[in-house]
Amino acid sequence: MQSNNEEIIQIKDLTKIYQDGLPALCNINLSIKKGEIFALLGPNGAGKSTLINIICGIVRPSAGEVYIGTSEIRKDYRMARSAIGLVPQELVTDMFERVIDTVNFSRGLFGKPQDPARTQKVLQDLSLWDKKDAKIITLSGGMKRRVMMAKALIHDPKILFLDEPTAGVDVNLRRDMWDMVRELQKTGVTIILTTHYIEEAQEMADRIGIINQGKLILVEEKNELMKKLGKKKLVLNLRTPLTKDISDLPLESSPDQLQLTYTYVMGNEEGISHIMRHLDERGIDYKDIRTEESSLEDIFVGIVGTKL
Amino acid sequence: MNLLGVKAIYNFEMKRFFRTLFQSIASPVISTSLYFIVFGSAIASRMGEIDGVSYGAFIVPGLVMLSILTESVSNGSFGIYMPRFSGTIYEILSAPISSFEIVLGYVGAAATKSVAIGSIILITARVFVEYRIEHPIWMLIFLFLTSITFSLMGFIIGLWADGFEKLQVVPLLIITPLTFLGGSFYSIEMLPPLWQKVTLFNPVLYLVSGFRWSFYGISDVNIFTSLIMTLVFLFLGLVIVALIFKTGYKIRQ
Ligand SMILES: Nc1ncnc2c1ncn2[C@@H]1O[C@H](COP(=O)(O)OP(=O)(O)OP(=O)(O)O)[C@@H](O)[C@H]1O
Ligand SMILES: [Mg+2]
């Protein structure tokens, strides 16, 4: 997807120590490429929001530098921030404002003249146009999140930060979000999102950065990472203990011979039907079947060697 | 300079004023009327004139000052406290707008409201007493400077407060007593000598005195002392705000 390898964000030796003393970020170095979707993956308290909030100007870095293009976020904050749109983790809006007013307010705040056509386009793209005169307090949580997205997009940012865009969002809206993010990417917007869910990172991202306890542990192309770490398991519970030979199939059996497990790489499910066909042919009957994904936890164990 | 950003904040704040226009206007009109009924009618008859000005007319500048100080502080503090409280301040912090421009938007709106309310009180007062304004330009200068200065103080309180109680505490425990004791409703010459000296430490005295001078040409302290003191307060407020933004105190962790 990336048109080139031009770097749009450069983070250099970034450290953040909050007042209470614990380092929330230690020496982060990271470059984001223009036009990519980058997912920051990490557990609660890893430092994802801190990293985003520093880049957006909400939190002050303790040390280090961040460049947006050639603009340093503190020295050249006007240029840097003009390029950025942010949808923060928490749903915060002016409850008694109308949707259209709050969106236009954001555009003004970023120093851009009002543009009714642009407002209409943004609201329509987010399916908010028919709610434009509604007070925000009357909207559902999912719609509020879209309003925040509209506020972030109304000044035509080149970079969009989405801090846990799908927290508390149902399956349909999640799909919508993902589609919207992909559409945005097509228009050349660079997107950085955070998530707790590996599936989300897998679904969306071109590259993934894993962060834990303020340290960026690993940054990798998504496909590479999935190949290495994204394991999935198919577990079959048998009706009767296994008696037939299945050593030619990539299956592990449990000691009581009542359970078979097939482990495969995420996104590479072709093996499943092969196995099922062979089990049927050999008359091996199962009463239950389920799949397990490697959790973020498993991946951490894989990388760091310790539990979270 | 992000003037459109300033305008966005300013308009947003003014909208709240207009949304609650009735309360915004009704409360100063009612309280002014009450003051006139109580002080102007009941007490004035026994007070006689002060420096050739009837007591009812004498308290007009003090009444305006009282409202301007409380309105400025409460509007200035509420404006910035609300987004801090609700979290919507994230957007202001992440916008390409300088601290000075943020202050300009919020304090400008708060001061505008105060000037509007001051004008409403002057109009209401006209119903009760005849008063004159000898130095209209000076009157406006004091009106604007005081509104700006105290809106700025309010802004500082709004940045400092971490609960609604604290927003109330300063106007209630500091501004209102200082205004009442600062010669809003009497000339300090009416006080015993010791209290006259003590009152000189009350900053509000200088504001009220200068403001009253612009009406009737009478004052407790020299007009230029008043002007200089007002400017000093304004300057102090600006310095404190600048320090707050520089250190990120309670805004940017
Ligand atoms: N304002 C603050 N003051 C003090 N400590 C903070 C503050 N904000 C965050 N922290 C601490 O910094 C660390 C990183 O927090 P951060 O919010 O960046 O994590 P996160 O990865 O976004 O977590 P989550 O997935 O829960 O959103 C945590 O230990 C948190 O307690
Ligand atoms: Mg977070």
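Residues numbered from 1 in each chain as written. Chains lettered and ligands numbered in written order. Predicted model: local features only at pLDDT ≥ 70, side-chain atom pairs only at ≥ 80, totals over all residues. Heavy atoms only, no water.

1. Focus: the overall build of chain A
Working step 1: In terms of helices and strands, chain A carries 10 helices and 14 strands.
Working step 2: With the C-alpha coordinates of chain A rotated into their principal frame, the extents come out at 75 × 45 × 40 Å.
Working step 3: Per-residue burial over chain A gives 51% buried out of 308 residues.
Working step 4: Of the side chains in chain A, 42 bear a positive and 44 a negative charge, and the two mean positions are spaced by 5 Å. (Helix = DSSP H or I, 4+ residues; strand = E, 2+ residues; numbered from the N terminus. Buried < 20%, exposed > 50% of the residue type's maximum accessible area, 1.4 Å probe, protein only. Lys, Arg positive; Asp, Glu negative; His and termini not counted. Charge placed at Lys NZ, Arg CZ, Asp CG, Glu CD.)

2. A few points about the coordination of the magnesium ion (ligand 2)
Working step 1: For the magnesium ion (ligand 2), the full set of protein donor atoms is S49 of chain A (OG) and Q89 of chain A (OE1), and the range of their distances to it is 1.9 to 2.1 Å. Within this pair, whereas S49 of chain A is found in helix 1 (residues 48-56), its partner Q89 of chain A is found in the loop between strand 6 (84-87) and helix 3 (99-109), the two being separated by 40 residues in sequence. (Donors = N, O, S within 2.8 Å, 3.2 Å for Na, K, Ca; no water.)

3. Topic: the domain arrangement of chain A
Working step 1: Each assigned domain of chain A is listed here: domain 1 (7-226) and domain 2 (230-304).
Working step 2: Between the C-alpha centres of domain 1 of chain A and domain 2 of chain A there is a distance of 38 Å. (Domains from an automatic or database assignment.)

4. Considerations on the site of ligand 1
All names here are of chain A.
Working step 1: In the vicinity of ligand 1 there are 15 residues, among which N44, K48, S49, T50 and H196 approach most closely.
Working step 2: Burial of ligand 1 by the protein chains amounts to 66% of its free accessible area of 630 Å².
Working step 3: For the shell around ligand 1, the element with the most residues is helix 1, which contributes three residues.
Working step 4: In the shell around ligand 1, the residues fall into four nonpolar, eight polar and three charged. (Near = heavy atom within 4 Å. Areas by Shrake-Rupley, 256 points an atom, 1.4 Å probe, with all protein chains shown as cover. Nonpolar A, V, L, I, M, F, W, Y, C, P; charged D, E, K, R; others polar.)

5. Some points on the sheet that holds strand 2 (residues 23-33) of chain A
Residue and element names in this part refer to chain A.
Working step 1: The sheet built from four strands is open, its strands ordered 2-1-4-5 with antiparallel pairing. Taken across any chain shown, the strands that pair with only one partner, and hence form the sheet edges, are strand 2 and strand 5 (71-72).
Working step 2: As judged from the two bridges shared by strand 4 (residues 63-68) and strand 5, these two strands associate in the antiparallel manner. Across the sheet, Y67 pairs through a bridge with E72, a residue of strand 5. (Pairing = 2+ DSSP bridges.)

6. Things to note about the packing of helix 3 (residues 55-86) of chain B against helix 6 (residues 136-160) of chain B
All names here are of chain B.
Working step 1: At a minimum axis distance of 7 Å, the contact between helix 3 and helix 6 shows a crossing angle of 35 degrees. For the pair helix 3 and helix 6, the crossing hand works out as right-handed. Each of V64, M65, I68, L69, S72, V73, G76, S77, I80, Y81 and R84 in helix 3 lies in contact with helix 6, whose residues at this interface are F142, L143, T146, S147, F150, S151, G154, F155, I157, G158, L159 and W160.
Working step 2: Residue composition of the contact of helix 3 with helix 6, grouped by class: 14 nonpolar, eight polar and one charged. (Axes fitted to C-alpha atoms, helices over the stretch in contact; angles between N-to-C directions. Left-handed = near helix turned anticlockwise from the far one by under 90°. Contact = heavy atoms within 4.5 Å.)

7. Overview of the sheet that holds strand 11 (residues 231-238) of chain A
Hydrogen bonds between backbone atoms are what pair the strands of a sheet, whose relative direction is either parallel or antiparallel.
Residues and elements named next belong to chain A.
Working step 1: Overall, antiparallel pairing links the four strands, which are arranged 12-13-11-14 in an open sheet. The open sheet has two edge strands with one neighbour each: strand 12 (252-253) and strand 14 (286-293).
Working step 2: Pairing between strand 11 and strand 13 (residues 259-265): seven bridges, direction antiparallel. Bridge pairing links K233 to T263 in strand 13.
Working step 3: Helix-sheet contacts for helix 9 (residues 271-281) involve strand 11, strand 13 and strand 14, and the interaxial angle to strand 13 is about 155 degrees.

8. Here we look at the packing of aromatic side chains
Residues and elements named next belong to chain B.
Working step 1: Considering all chains together, one arrives at 16 aromatic pairs over all chains under this definition.
Working step 2: Centroid distance F155 to F245: 6.4 Å. Interplanar angle 25 degrees. Geometry classified as stacked. Here F245 lies in helix 10 (residues 223-247) and F155 lies in helix 6, a separation of 90 residues in the sequence.
Working step 3: Here F155 falls in the buried class, since its relative accessible area comes to 0%.
Working step 4: Here F245 falls in the buried class, since its relative accessible area comes to 12%.
Working step 5: Taken together, the ring pairs in this structure connect Y131, F211, F215 and Y216 into an aromatic cluster. (Phe/Tyr/Trp six-rings, centres within 6.5 Å; stacked < 30°, edge-to-face > 60°.)

9. Re the environment of L51 of chain A
Residue and element names in this part refer to chain A.
Working step 1: Position of L51 among the secondary structure elements: in helix 1.
Working step 2: By relative accessible area, L51 is classed as buried at 2%.
Working step 3: In this structure, the C-alpha to C-alpha distance between L51 and I28, residues 23 residues apart in sequence, is 8.8 Å.
Working step 4: Residues contacting L51, with those up to four places away along its chain left out, are I11, L14, L25, I28 and L40.

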